[in-house]
Amino acid sequence: MTKPAFQYQDFVRHDWVDYNGHMNDAAYAKVFSLAVDAFMDAIGLDENSRVEYQYTIFTLETHLCYLKEAHEDEQLTVTVQLLDVDAKRLHVIFIMNNANNEAIATSEQMLMGMDTYQGKPGPFPEAITNFIEEIWNEHKQLEISKQVGRTIGIKRKS
């Protein structure tokens, strides 16, 4: 039986709207951060499991792309796609959609599993590894978003 796809839902709160009348860039980062927490819960690393396993996940790197504006009270849905995995890291892209299912932002991230007892990176606990492998077996066949692997720079005409 296939587990349901991960989704995190939220909405644009009043205090996330800036002087331009749309969601502030920092609020996009906040929503993606909340989505990471929800994703951790979804793969079995909820608060109790983090204590039991003495294990958590840190974000090592992130690259945000802002594609469309979001406005106050607008519904937001964030999904995740695994791009690559190893024993202690997840390369992912979170995609934020509006109520019309239009991508409004992406957050490509490198997540690192941390052994909190030893205070250093460590392999995912076995139960978490099994769940990640299930997701990876589905996601490695998906088309990769054009936002993945982008670099920042000014394009010059020759």
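About the criteria used
Residues numbered from 1 in each chain as written. Predicted model: local features only at pLDDT ≥ 70, side-chain atom pairs only at ≥ 80, totals over all residues. Heavy atoms only, no water. pLDDT = per-residue confidence, 0-100. Helix = DSSP H or I, 4+ residues; strand = E, 2+ residues; numbered from the N terminus. Salt bridge = Lys/Arg side-chain N within 4 Å of Asp/Glu carboxyl O. Buried < 20%, exposed > 50% of the residue type's maximum accessible area, 1.4 Å probe, protein only. Contact = heavy atoms within 4.5 Å. Core = buried A, V, L, I, M, F, W, Y, C linked by side-chain atoms within 4.5 Å.

Taking an unreviewed UniProt entry as the reference, the protein chain is identified by name as Acyl-CoA thioester hydrolase belonging to Aquibacillus albus.

A. Layout of the confidence of the model for the protein chain. Averaged over every residue, the pLDDT of the protein chain is 94; residues scoring 70 or more account for 97%. When pLDDT is averaged over each element of the protein chain, strand E5 (residues 103-115) comes out on top at 98 and helix H3 (residues 126-139) at the bottom at 94.

B. Molecular detail of the pattern of salt bridges. By the definition in use, this model includes four salt bridges. Of the charged contacts, one joins Arg13 and Asp10 as a salt bridge, the two residues approaching to 2.7 Å between their closest N and O atoms. The partner of Arg50 in a salt bridge is Asp41, with the nearest N and O atoms 3.7 Å apart. Overall, Arg50 belongs to the partly exposed group, its relative accessible area being 26%.

C. Broad picture of the environment of Ile128. Mapped onto the fold, Ile128 is located in helix H3. Residue Ile128 is classed as buried on the basis of its relative accessible area, which comes to 2%. Filtering out sequence-adjacent residues up to four positions away, Ile128 remains in contact with Ile43, Gly44, Leu45 and Tyr53.

D. Broad picture of the nonpolar core. Among the nonpolar cores identified, the biggest contains 36 residues, and Met23, Phe39, Phe94 and Met96 are the most heavily contacted of them. Every element with two or more residues in this core is listed here: helix H1 (25-42), strand E2 (55-66), strand E3 (75-85), strand E4 (89-97), E5 and H3. Among the elements that take part in this core, H1 stands out by supplying nine residues, more than any other. When sequence neighbours within four positions are dropped, the list of residues in contact with Phe39 reads Phe6, Val80, Leu82, Leu90, Phe94 and Ile135.

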